[in-house]
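Here are the chains, one letter per residue:
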Amino acid sequence: MTEKILILDFGSQYTQLIARSIRELNVYCEIKPCLQPITWDETIKGVILSGSPFSVNDENAPIIDIAAIAAKVPVLGICYGAQMMAKVFGGEVAKSNLREYGRAFMEHNDKEEKLLYDISAKSQVWMSHADSIKRIPEAFEIIATTENIPVAAFKNTTLAAHPMFGLQFHPEVTHSLEGKLILRNFLLHICNCSQDWTPAAFVHETVERIKTQVGDKRVVMALSGGVDSTVAAELIHKAIGKNLFCIFVDNGLLRKDEYETVLESYKHMGLNVKGINAKDLFYGKLAGVSDPEQKRKIIGGLFIDVFQQEATHLTDISFLGQGTIYPDVIESVSVNGPSVTIKSHHNVGGLPEKMNMQLVEPLRFLFKDEVRRVGREIGISDIFLGRHPFPGPGLAIRILGAITPEKVHMLQEADNVYIEGLKEAGLYDKVWQAGTILLPVQSVGVMGDERTYEFTVALRAVTSVDGMTADWAHLPYEFLAKMSNDIINKVKGINRVVYDISSKPPATIEWE
Ligand SMILES: Nc1ncnc2c1ncn2[C@@H]1O[C@H](COP(=O)(O)OP(=O)(O)OP(=O)(O)O)[C@@H](O)[C@H]1O
Ligand SMILES: O=c1[nH]c(=O)c2[nH+]cn([C@@H]3O[C@H](COP(=O)(O)O)[C@@H](O)[C@H]3O)c2[nH]1
Ligand SMILES: NC(=O)CC[C@H](N)C(=O)O
Ligand SMILES: [Mg+2]
């Protein structure tokens, strides 16, 4: 069984980064809501307490029993986590006159301290706090300071069976230059993790888990041609073979010719895939709907209807397979700490309350780049692995306002010009995701001496590692100029092209 670190999420915007940093060190970790009781087993090697928008002195601040955790495994508190540690053991935390945001230099001089092993005597760290630890509890000791605050890092090794550490700064952000090394020290020298989290181990464990979950029952799998569902399908296929039935739905919101080309490419993979044309159903239910969240919920519901309908043709189907990944889950529901819902991904927040199939989602805890690594491990072709992500609700969330088949057609044509253009220019693999957005804006133009009054498309291209944060791609002007020309010349109904130069945050990748 893979070892793991639990990260208790108190709502920090950086909780994801803690998880990523740990996984990059080949240690598996899971994020749990801070107040959810821990189900202990021997795979848990350590617990990290995240930061938080709360102050530990707020009346409703989430506070947990740290001593009970340290009785089982070592604990590392980060920022709020450290402040809470100071407070619950009898120290003092208070608003400080010196709020610290950004760069600071941590100083320490104990060469024997395992947490700071190999860390420079003066090391750049990143701070983001308004409260400070004024006094550490008795039996704790300070192990590092900064110019502004006496307590940058502290620890206790006597009160519980395992040591407890607190860091006022954020080791998980890249601006803490040796932060990754501090986390590594915690994992390897304090929790004694063996770095057993590898794609091969994941594949092995996941296949076994699916076998146990599904037994000799059948799974109907929602397959989309995207990376996630393709990798998920292959994993389920490895576990249950011919009991897997895949369904690819044409919801009328796919890209140009996507239905045909995707079905064709699955033929070469040995998966049992059935295509279902449900265009009219989707267009019908979406007619006149312009609210983005409502569109997502309608689409999520229709997907399930189609899958359930299909499942009734097959006997013994009790499971629905999906390619859901961690960011879908995190952005849709507040699974973890007190964070807010950004948008309902159709496959998570969009699912109906009542569903009579159980979910099989082997990638639910992975980030996109990890999915690609797993895909590579099990030999999935680059045709799938290299594809840009495409949202399940498809062009519905790239047509702002109500959807009509004519608008879908217009956007499919524009998208095709853009994506093929990126490929021809050798730019497709350089950006993480690209697409076109049809705006509900008509403007005046002149074409062949005639006045036009037509729609605008926005081009979007972003660079990213995992879709959680993204920057707009700095595409060459010549390329953008060519795209503008080509789209306006080839796609009837569009007379204006703009380029989106927003990063995520504050924008998101999709416009809805
Ligand atoms: N047209 C479709 N037919 C059947 N299932 C779909 C379809 N579109 C999406 N799904 C289901 O919804 C899930 C989420 O969609 P999403 O687009 O995020 O993932 P993906 O298509 O697998 O990967 P990618 O993000 O690379 O496009 C898919 O993994 C799949 O299970
Ligand atoms: O399966 C999905 N169902 C959805 O409802 C959905 N919404 C956004 N996306 C994709 O998720 C990534 C992040 O997108 P945002 O920055 O717009 O949230 C990007 O890759 C988006 O394309 C979705 N995928
Ligand atoms: N990043 C954090 O965890 C901040 C903790 C607390 N809200 C403070 O401002 O000090
Ligand atoms: Mg997709």
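Residues numbered from 1 in each chain as written. Chains lettered and ligands numbered in written order. Predicted model: local features only at pLDDT ≥ 70, side-chain atom pairs only at ≥ 80, totals over all residues. Heavy atoms only, no water.

**Q** I would appreciate a short explanation of the site of ligand 1 in the present structure.
**A** Taken together, the neighbourhood of ligand 1 is formed by 21 residues, with Ala222, Ser224, Ser229, Lys368 and Phe390 sitting nearest. For ligand 1, an oxygen atom lies 2.3 Å from a polar atom in the side chain of Ser224. Residue Ser229 places a main-chain N or O atom 2.6 Å away from an oxygen atom belonging to ligand 1. Within the complex, the protein chains bury 95% of what would otherwise be the 580 Å² of accessible surface of ligand 1. Listed by contribution, the elements that provide at least two residues to the shell around ligand 1 are α6 (227-240), β11 (244-250) and α9 (292-313). The residue makeup of the shell around ligand 1, split by class, is 11 nonpolar, 8 polar and 2 charged. (Near = heavy atom within 4 Å. Polar contact = N/O pair within 3.5 Å; in protein donor to acceptor, adjacent residues only side chain to side chain. Areas by Shrake-Rupley, 256 points an atom, 1.4 Å probe, with all protein chains shown as cover. Helix = DSSP H or I, 4+ residues; strand = E, 2+ residues; numbered from the N terminus. Nonpolar A, V, L, I, M, F, W, Y, C, P; charged D, E, K, R; others polar.)

**Q** What exactly am I supposed to notice about the sheet that holds strand β10 (residues 218-222) here?
**A** An order of β12-β11-β10-β13-β14 is seen for the 5 strands of this open sheet, with the pairing classed as parallel. Of all the strands in the sheet, the pair left with one neighbour each is β12 (273-277) and β14 (358-360). Pairs of neighbouring strands in the sheet enclose a mean axial angle of 30°, with direction left out of account. Of the strand pairs in this sheet, β10 and β11 are connected by 4 bridges, and their pairing is parallel. Counted as the bridge partner of Val219 is Leu244 from β11. With respect to the sheet, helix α7 (residues 258-267) is in contact with β11 and β12, its orientation differing from that of β12 by roughly 170°. Packing against the sheet, α9 makes contact with β10, β11, β12 and β13 (317-321), and its axis sits at approximately 135° to β11. (Pairing = 2+ DSSP bridges. Axes fitted to C-alpha atoms, helices over the stretch in contact; angles between N-to-C directions. Contact = heavy atoms within 4.5 Å.)

**Q** How should I be thinking about the packing of α6 against helix α11 (residues 368-377) in this particular structure?
**A** Here α6 crosses α11 at 45°, and the two axes come no closer than 10 Å. The orientation of α6 with respect to α11, classified from their angle, is oblique. Classified by chirality, the crossing of α11 by α6 is left-handed. Packed against α6, whose contacting residues are Val227, Asp228, Val231 and Leu235, the element α11 presents Lys368, Val371, Arg372, Val374 and Gly375 at the interface. Looking at the contact of α6 with α11 residue by residue, the class counts come to 5 nonpolar, 1 polar and 3 charged. (Parallel < 35°, antiparallel > 145°, perpendicular 65-115°, else oblique. Left-handed = near helix turned anticlockwise from the far one by under 90°.)

**Q** Mind showing me how you'd approach the domain arrangement of the protein chain here?
**A** A common way to state how big an interface is: give the accessible area lost once the parts meet. Taken as a whole, the protein chain is organised into domain 1 (4-190), domain 2 (202-385) and domain 3 (404-499). Each of domain 2 and domain 3 has a C-alpha centre, and the two are 28 Å apart. Listed by partner, the interface residues are 12 residues for domain 2 and 10 residues for domain 3. Taking both partners together, domain 2 and domain 3 bury about 990 Å²; carbon and sulfur atoms supply 60% of that area. Per-residue buried area on domain 2 facing domain 3 is highest for Arg255, Lys256 and Tyr283; these three make up 45% of the total on that side. Across the contact surface, domain 2 and domain 3 share 1 salt bridge. Counting across the interface, domain 2 meets domain 3 through 2 residue pairs in polar contact (both at pLDDT 80 or more). Ranked by the residues each element gives to the side of domain 2 that touches domain 3, the list is headed by α11, at 3 residues. Of the residues in the side of domain 2 that touches domain 3, the class split is 6 nonpolar, 1 polar and 5 charged. (Domains from an automatic or database assignment. Buried area = accessible area lost by both parts, 1.4 Å probe. Salt bridge = Lys/Arg side-chain N within 4 Å of Asp/Glu carboxyl O.)

**Q** Before we go on, may I ask you to explain the pattern of salt bridges in this structure?
**A** Two side chains of opposite charge can pair, provided their charged atoms sit close to one another. This structure, assessed with the given rule, holds 22 salt bridges. Between Glu413 and Lys256 there is a salt bridge; the shortest N-O distance is 3.3 Å. Of this pair, Glu413 sits in helix α13 (residues 405-424) while Lys256 is found in the loop between β11 and α7, placing the two residues 157 residues apart along the sequence. For Glu361, the salt bridge is made with Arg364, and the minimal N-O distance between the two is 2.5 Å. On the accessibility criterion, Glu361 (12% relative accessible area) is buried. (Buried < 20%, exposed > 50% of the residue type's maximum accessible area, 1.4 Å probe, protein only.)

**Q** I'm lost on the sheet that holds strand β3 (residues 44-49) in this one. Help?
**A** Sheet strands line up and pair through hydrogen bonds in the backbone, either parallel or antiparallel. Within the open sheet, the 7 strands sit side by side as β2-β1-β3-β4-β9-β8-β7. Their pairing is mixed. With one partner strand each, in any of the chains shown, β2 (28-33) and β7 (141-144) form the two edges of the open sheet. Across the sheet, the mean angle from the axis of one strand to that of its neighbour is 25°, orientation sign disregarded. Pairing between strand β8 (residues 153-156) and strand β9 (residues 164-167): 4 bridges, direction antiparallel. Of the residues in β9, the one forming a bridge with Phe154 is Gly166.

**Q** Sorry if this is basic, but what is going on with helix α3 (residues 80-88) here?
**A** Most of α3 is tucked away, with 7 of its 9 residues classed as buried. Looking one or two residues beyond α3, the residue adopting positive phi is Gly90, at roughly 100°.

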